[in-house]
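Summary of the model geometry
So the chains spell out like this:
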Amino acid sequence: MSDDAGRAQQWPRSGPQASGKAGQPAGGRAVSESMVRCEYCGIHLPRSEALLLQGKTWCGEEHARLGGVQVKS
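Cut-off values and rules
- Numbering of residues starts from 1 in every chain and runs along the sequence as written.
- Whole-chain, interface and lining totals are the exception, using all residues; otherwise, since this is a predicted model, local features are given only for residues with pLDDT of at least 70 and side-chain atom pairs are given and counted only at 80 or more.
- As a convention, hydrogens and water are excluded, and side-chain values are obtained from all of the structure's heavy atoms.
- What counts as a salt bridge is simple: a side-chain nitrogen of Lys or Arg found within 4 Å of a carboxyl oxygen of Asp or Glu.
- Secondary structure elements follow DSSP: runs of H or I of four or more residues count as helices, runs of E of two or more count as strands, with numbering from the N terminus.
- Accessibility here uses a 1.4 Å probe with only protein chains present; expressed as a share of the type maximum, an area under 20% marks a residue as buried, one over 50% as exposed, and anything in between as partly exposed.
- To qualify as a nonpolar core, a set must consist of buried Ala, Val, Leu, Ile, Met, Phe, Trp, Tyr and Cys residues joined through side-chain atoms within 4.5 Å.
- The criterion used for residue contact is that any of the two residues' heavy atoms lie within 4.5 Å.

As for the pattern of salt bridges
When charged atoms on two side chains of opposite charge get close, those side chains can pair. In the structure shown here, the tally under the stated rule is two salt bridges. Between arginine 65 and glutamate 61 there is a salt bridge; the shortest N-O distance is 4.0 Å. Remark: glutamate 61 and arginine 65 occur in helix 2 (residues 61-66); sequence separation between them is four residues, near one turn of the helix. Between glutamate 62 and arginine 65 there is a salt bridge; the shortest N-O distance is 3.6 Å. With glutamate 62 and arginine 65 both in helix 2 and three residues apart, the pair spans about one turn of that helix. On the basis of relative accessibility, which here comes to 39%, the residue arginine 65 falls in the partly exposed class. Sharing partners across several salt bridges, the network here consists of Glu61, Glu62 and Arg65.

Quick look at the nonpolar core
Of all hydrophobic cores here, the largest spans five residues; its members are Cys38, Trp58, Ala64, Val69 and Val71. If we skip the residues at most four places from it in the chain, valine 71 touches Leu53, Glu61, Ala64 and Arg65.

A short note on unusual backbone geometry
You will see that glutamine 54, though not glycine, has its phi angle at about 50°, which is positive. Along the chain, glutamine 54 turns up in the loop between strand 3 (51-53) and strand 4 (56-58). Residue glutamine 54 is classed as exposed on the basis of its relative accessible area, which comes to 64%.

Some thoughts on the environment of valine 69
Following the sequence through the fold, valine 69 ends up in the segment after helix 2. On the basis of relative accessible area, valine 69 is assigned to the buried category, the value being 7%. A sequence separation of 13 residues divides valine 69 from lysine 56, and the C-alpha atoms of the two residues are 9.7 Å apart. Other than its neighbours up to four places away in sequence, valine 69 contacts Leu53, Gln54, Trp58 and Ala64.

What follows is the structure, encoded as C-alpha cells:
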C-alpha cells in the first residue's frame with residue numbers, strides 16, 4: 001500500500017460538520033438574517049424571533065412588560 005492510499009483512508013466523521021454544510025438549508029446557500037437587540041436585557045436575537053411593540057424590539061413579552069409596554073394577553 002502506498003502512502004497516498006493510506007492517507008485517503010480516514011475515520012468517518014459525524015455530526016453537522018461532517019458534510020461541511022452546517023447551518024445551510026437544503027439548497028446549499030447560507031441564509032443571513034438581521035439581528036436585533038432587546039430593549040430590556042440587551043440580548044441579540046434574530047429579527048424573526050423578536051417581538052416588536054411600540055417601535056422597540058424585545059426578546060419576549062415579559063421583557064416588554066418590564067420595559068413599560070402593555071402587552072395584550
